[in-house]
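Overview (structure and organization)
Read off the chains here:
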Amino acid sequence: MEWKRALADVAAAQLGLPADDVLAAVEYPPHPNLGDLALPCFRFAKVLRQNPAQLAAATAAALTASGRFEHVEVAGGYVNVRLHRQAVAARVLDLANRNPAGLYSRRRHAGDKVAVDYSSPNIAKPFGVGHLRSTMIGQAICRMLAADGFTVLGINHLGDWGTQFGKNIVAYLRWGDEATVRRDPVRELFRLYVRFHEEAKDHPELEDEARAWFKKLEEGDATARRLWQWFIQESLRAFEQTYQRLGVTFDYVLGESFYNDKMQAVIDELQARGLLTESEGAEVVDLSAWNLPPCIIRKSDGATIYATRDLAAALYRHDVLGADHLVYVVGSEQTLHFQQVFKVLELMDRPWAAHCTHVAFGMMKYNGERLSTRRGKVVYLEDVLTRAVQEARQIIEEKNPQLPEKDQVAEAVGIGAVVFNDLKNDRLHDVDFRWEDVLNFDGETGPYVQYTHARACSVLRRAQAEGLSWPPAPPATTLSDPEWQLVHQLAQSNELFERAVDRFDPSVIARHALDLCHLFNRFYHDCPILGAPAAERTWRLALTDATRQALAFALHLLGLAAPAAM
Ligand code: ARG
């Protein structure tokens, strides 16, 4: 917020400290009674070896003299500042009216290109609720980075290669049939895969058979390749449906198999640089100097693996696609893998290794339970979405049976509920998926944000119907507390947006949206809008419109639809 900056500049000049240090110390007081901004002076007192209360008093005097603040007050070692409510309101309305991203973005990264790896599910395995995390966090990050100026390349790094496909082939040839697979490809292929693991317990020779089929696949055997390609095609078709419902898109779908012919170059380079060593028959890059386990490049049986593919993929994204930042939205359980890959890139003298980021996230539990694909314990995302939409439809039917386009709204709200539940918490925390939380339309949920947005739209629709207009101007007299608190939150949009981008954390946007909703609903409750005298009415409509835009853009960033009526 620019007033935060102004406060920091004046205070820094007074204290003789760097403005950025002071800026980092400026706080939003926990209670509005204390003021709009606060500067604790204790840390500066230590650095400057002075008494905090005296420093605070001198700083307060300088802030008052600047004339930029409504009121400045000292409380112990704190300086508490009140802002000119009308000035901030004028600024907020102006920004909200510039363009949809106006309140949020200064486009700091214009000219930079980033490749974001997200979703990246495994072929012939179910798309479970667990995959929702990478998919939706990744999609939100793409939108956030794009809004901050990046050219974003969204990449789906499909798991379409590996010994697993030997097992899929064996299982299909033994127990499967084409018609059943065609009917419900992902579930049927997965059922066969689970059966393989069950039968292999008693018949270990199945594992050899699977290895043999994978070898055939690697060697280009016609049957093996035909089946493999068919599995991919059927799985992708099913995944596409889910992506469509979620509004998720990619610029590139490049599976792991895409790098089959690009790995030898990596191995050769590692060899030439003297980075490869042998360990128990495998070729590895020794990373013990960095306290990391060796990065396995080629297994003892000559097969290349996950890390080698990721090295080839990173080089491709940088060298061929022209990305200067590489982002990987992948669960925390792969943290070590990415540390190894990034370290090897650094050892290969790629300075851009410093711009590689693993955006980790916690696990998804379902009603408190861990899900495991191996044990066949999956909750299909498609089923979850369908149920959420059905329940949303029911609620609409009860609450607003006259609503036009009920099906579309139910789809938007049901899916929004599931997605928001995933994005609203710090991404590193585990998410527990509980139906009663997800679909609680009065709690901190997607439907609550969507509903508040629709409420703002509805006020503006009614105003329009009455022939009113609302030029973006602040009120002539000062703002009431509920108006001001809403303005104050809107004024923080940009700062919160930048924090969300810098931390790759959509939850910062989700929390902001929830805060805006609480404050808007209080304003709506306490301050008449359409029933107010003309001057107040115009300003309150302008404030309602700014809130509507701020919510719509937050929903867009999070990948939720924003219906105009609910
Ligand atoms: N397919 C992998 C999995 O489901 C995730 C791939 C992540 N991306 C990557 N470049 N390694 O575990």
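Residues numbered from 1 in each chain as written. Predicted model: local features only at pLDDT ≥ 70, side-chain atom pairs only at ≥ 80, totals over all residues. Heavy atoms only, no water.

Turning our eyes to something else, we now look at the pattern of salt bridges. Where side chains of opposite charge bring their charged atoms close, a pairing between them can arise. The tally for this structure, following the rule as stated, stands at 41 salt bridges. For Arg85, the salt bridge goes to Asp481, with nearest N and O atoms at 3.0 Å. Taken together, the positions of Arg85 in helix α5 (residues 85–96) and Asp481 in helix α19 (residues 481–490) put the pair 396 residues apart, joining distant regions of the chain. Asp481 sits in the partly exposed class, given a relative accessible area of 44%. Linking Glu269 and Arg273 is a salt bridge whose minimum nitrogen-to-oxygen distance equals 2.7 Å. Using a relative accessible area of 36% as the deciding quantity, one classes Arg273 as partly exposed. Among the charged side chains, a network of salt bridges with common partners joins Arg106, Arg108, Asp148, Glu498 and Asp502. (Salt bridge = Lys/Arg side-chain N within 4 Å of Asp/Glu carboxyl O. Helix = DSSP H or I, 4+ residues; strand = E, 2+ residues; numbered from the N terminus. Buried < 20%, exposed > 50% of the residue type's maximum accessible area, 1.4 Å probe, protein only.)

Moving on to the site of the ligand. Around the ligand, the surrounding shell consists of Asp117, Ser120, Asn122, His157, Tyr306, Asp310, Tyr328, Val330, Gln334 and Phe338. Between an oxygen atom of the ligand and a side-chain N or O atom of Gln334, the distance comes to 3.0 Å. In isolation the ligand has 340 Å² of accessible area, and contact with the protein removes 86% of it. Classifying every residue of the shell around the ligand gives four nonpolar, four polar and two charged. (Near = heavy atom within 4 Å. Polar contact = N/O pair within 3.5 Å; in protein donor to acceptor, adjacent residues only side chain to side chain. Areas by Shrake-Rupley, 256 points an atom, 1.4 Å probe, with all protein chains shown as cover. Nonpolar A, V, L, I, M, F, W, Y, C, P; charged D, E, K, R; others polar.)

Looking now at the sheet that holds strand β14 (residues 431–433). Pairing is mixed across the open sheet formed by three strands, whose spatial order is β13-β12-β14. The sheet is open, and its two edges are formed by β13 (369–370) and β14, each paired on a single side. Looking at chain direction, strand β12 (residues 364–366) and β14 are connected through three bridges and run parallel. Note on β14: the bridge partner recorded for Lys365 is Asp432. Contacts between helix α6 (residues 129–147) and the sheet are confined to β12 and β14, with β12 contributing the most and set at about 145 degrees to the helix. Along the sheet, helix α16 (residues 406–423) makes contact with β12 and β14, crossing β14 at roughly 155 degrees. (Pairing = 2+ DSSP bridges. Contact = heavy atoms within 4.5 Å. Axes fitted to C-alpha atoms, helices over the stretch in contact; angles between N-to-C directions.)

Helix α21 (residues 507–526) packs onto helix α20 (residues 493–502) with a crossing angle of 155 degrees between their chain directions and a minimal axis gap of 8 Å. On the basis of the axis angle, α20 is roughly antiparallel to α21. Side by side, α20 and α21 meet where Ser493, Leu496, Phe497, Arg499 and Ala500 of the first sit next to Val508, Ile509 and His512 of the second. Its residues assigned to classes, the contact of α20 with α21 shows five nonpolar, two polar and one charged. (Parallel < 35°, antiparallel > 145°, perpendicular 65-115°, else oblique.)

Every buried residue of helix α12 (residues 263–272) is listed here: Met263, Val266, Ile267 and Leu270. Viewed end-on, α12 has its buried residues packed into an arc of 95 degrees, placing them on one side of the element. Among the exposed residues of α12, those oriented more than 90 degrees off its buried face are Ala265 and Ala272. Positive backbone phi, at 70 degrees, marks Gly274, one or two positions downstream of α12. (Arc of directions from axis to C-beta.)

What follows deals with the packing of aromatic side chains. Taken as a whole and assessed by the stated rule, the structure comprises 23 aromatic pairs. Judged by centre distance (4.8 Å) and plane angle (40 degrees), the rings of Tyr328 and Phe338 are tilted. Of this pair, Tyr328 sits in strand β10 (residues 325–329) while Phe338 is found in helix α14 (residues 335–347), placing the two residues ten residues apart along the sequence. For the ring pair Phe433 and Trp435, a centre distance of 5.2 Å and an interplane angle of 85 degrees mean the geometry is edge-to-face. Both residues of the pair, Phe433 and Trp435, count as buried. Feature note: the residues Tyr118, Phe127, Phe239, Tyr243 and Phe250 constitute an aromatic cluster, connected by ring pairs. The ring of Tyr380 has Arg187 lying over it, and the distance from NZ or CZ to the ring centre is 4.1 Å. (Phe/Tyr/Trp six-rings, centres within 6.5 Å; stacked < 30°, edge-to-face > 60°. Lys NZ or Arg CZ within 6 Å of the ring centre and 35° of its normal.)

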